[in-house]
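# Working through the structure, step by step
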Amino acid sequence: MNEQTLSRIADALERMSPAPLETPDLSAARAFVWHVAPDRLEPVTRINRVDLNLLVGIDRARNTLLENTRRFAQGHAANNALLWGARGMGKSSLVKAVHGALEADHPSLKLVELQREDLPSVARLLNHLRDAKERFILYCDDLSFSHDDQHYKSLKAVLDGGIEGRPENVVFYATSNRRHLMPRDMIENERSSAINPSEAVEEKVSLSDRFGLWLGFHPCDQDEFLSMIEGYCTAYGVQADPETLRAEAIEWQATRGSRSGRVAWQFFTDLAGRHGVKL
């Protein structure tokens, strides 16, 4: 193979390889979304979130995550957190609301969202964040793994950090409907079919053990559901007859077949629209 051919191959490989990430302007926004191909931190100009005080019925989780994040923002030690449990009960809303509650006093605290399918690139992301003066909440929503999913191995780079260790200026928050980040039937299947049942699932199940904080979210009762709606009405100035509001809210959740913070917000969105209130 002559030198000209080798040069053409080298040029082709260079064109195929992704361009290195330019040093991002981390002062450009309060939050970013990590994208790959090519690697980049995309600024988020308007964060989709609610006020922390509007999250009703999750007081313990709210206070624990707020205090953990405040310590982290102040430069102290803080734990990675797994927010797990019932759908629509404010797991992702809490992460964004906690960031919003603290950013005024701690402008260097940034929120970086990472998609589950981009976990294999997390080592590259950490390398870019490691030497920054800002502090970062690395956030992954709806995190879970199937039986043939190897992405969980990449997550260990965030939780354990490998030989370099997790950057001191990064903390990882994840939300999931599953406490152990994998389906229960998959756990039972591997236990029943493996030569050594405990070893078969230990690696994946132990992943959730690497989170210092486990915050559980459970389905709300009717009183909590109505309190959420009343809180939204107060915050946005929606005036409604209490008895009519209660009857409509109960009918709404009955037609949905569930009660949650998400269902409460969906009802309130409809109510605000009928009253001509912009959200």
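Details of the structure are given in the entry above.
Quick look at the structure, then. In this text, all values refer to a predicted model and were calculated from it rather than measured experimentally. (Residues numbered from 1 in each chain as written. Predicted model: local features only at pLDDT ≥ 70, side-chain atom pairs only at ≥ 80, totals over all residues. Heavy atoms only, no water.)

### Details of unusual backbone geometry
The peptide bond linking A37 to P38 adopts the cis configuration, its omega dihedral lying at 0°. Looking at the element boundaries, P38 is found in the loop between strand 1 (31–35) and strand 2 (40–44). One non-glycine residue, A37, adopts positive backbone phi at about 55°. Within the fold, A37 resides in the loop between strand 1 and strand 2. (Helix = DSSP H or I, 4+ residues; strand = E, 2+ residues; numbered from the N terminus.)

### Details of the sheet that holds strand 7 (residues 213–217)
The strands making up a sheet associate through backbone hydrogen bonding, with each pair oriented either parallel or antiparallel. Pairing is mixed across the open sheet formed by seven strands, whose spatial order is 2-1-4-5-6-3-7. Across the chains shown, the open sheet's two edge strands, defined by having one partner strand only, are strand 2 and strand 7. Going across the sheet, the axis of each strand differs from the next one's by a mean of 25°, ignoring polarity. Sheet contacts for helix 3 (residues 91–102): strand 3 (81–85), strand 4 (109–113), strand 5 (135–140), strand 6 (170–176) and strand 7; angle to strand 4, the most-contacted strand, approximately 155°. (Pairing = 2+ DSSP bridges. Axes fitted to C-alpha atoms, helices over the stretch in contact; angles between N-to-C directions. Contact = heavy atoms within 4.5 Å.)

### Re the packing of helix 8 (residues 222–236) against helix 10 (residues 261–274)
Where helix 8 meets helix 10, the axes come as close as 9 Å, and the angle between the chain directions of the two elements is 40°. Judged by the angle between their axes, helix 8 and helix 10 are oblique. As helix 8 packs across helix 10, the resulting crossing turns out to be right-handed. Across from F225, M228, I229, Y232, C233 and Y236 in helix 8, the residues of helix 10 making contact are G261, V263, A264, W265, F267, F268 and L271. (Parallel < 35°, antiparallel > 145°, perpendicular 65-115°, else oblique. Left-handed = near helix turned anticlockwise from the far one by under 90°.)

### Here's the deal with the layout of surface pockets
Taken as a whole, the largest pocket spans an internal volume of roughly 740 Å³. Considering the residues around the largest pocket, the lining is formed by 29 residues, among which V50, S92, S93, K96 and W265 are closest to the centre. Residues that form the lining of the largest pocket fall into these classes: twelve nonpolar, nine polar and eight charged. (1 Å grid on protein atoms, 1.4 Å probe; cavity = no way out; pocket = protein on both sides within 12 Å on 5 of 7 lines; lining within 4 Å. Points joined across faces, edges and corners; volume = space filled by probe spheres on them. Nonpolar A, V, L, I, M, F, W, Y, C, P; charged D, E, K, R; others polar.)

### So, helix 8
Taking 1.5 Å of rise per residue, the 15 residues of helix 8 would be expected to cover 21 Å, and the 22 Å separating its terminal C-alpha atoms lies within 8% of that figure. Every buried residue of helix 8 is listed here: F225, L226, M228, I229, Y232 and C233. When helix 8 is viewed along its axis, its buried side chains cluster within an angular range of 150° and face the same direction. Among the exposed residues of helix 8, those pointing more than 90 degrees away from its buried face are D223 and T234. G237 sits one or two positions beyond helix 8 and adopts a positive phi of about 70°. (Expected span 1.5 Å × (residues − 1). Buried < 20%, exposed > 50% of the residue type's maximum accessible area, 1.4 Å probe, protein only. Arc of directions from axis to C-beta.)

### Description of the pairing of strand 2
Strand direction decides the pairing type here: strand 1 and strand 2, joined by five bridges, are antiparallel. Directly across from W34, in strand 2, lies its bridge partner L41. Remark: four residues form the turn of the hairpin made by strand 1 and strand 2, two consecutive strands paired antiparallel; A37 in that turn has positive phi of roughly 55°.

### Structural notes on helix 3
Given a rise of 1.5 Å per residue, twelve residues ought to cover 16 Å, and the 17 Å separating the end C-alpha atoms of helix 3 matches this to within 8%. Restricting attention to buried positions, one finds in helix 3 the residues K91, L94, V95, K96, A97, V98, H99 and L102. For helix 3, the secondary structure elements touched by its buried residues are helix 2 (59–73), strand 3, strand 4, strand 5, strand 6 and strand 7.

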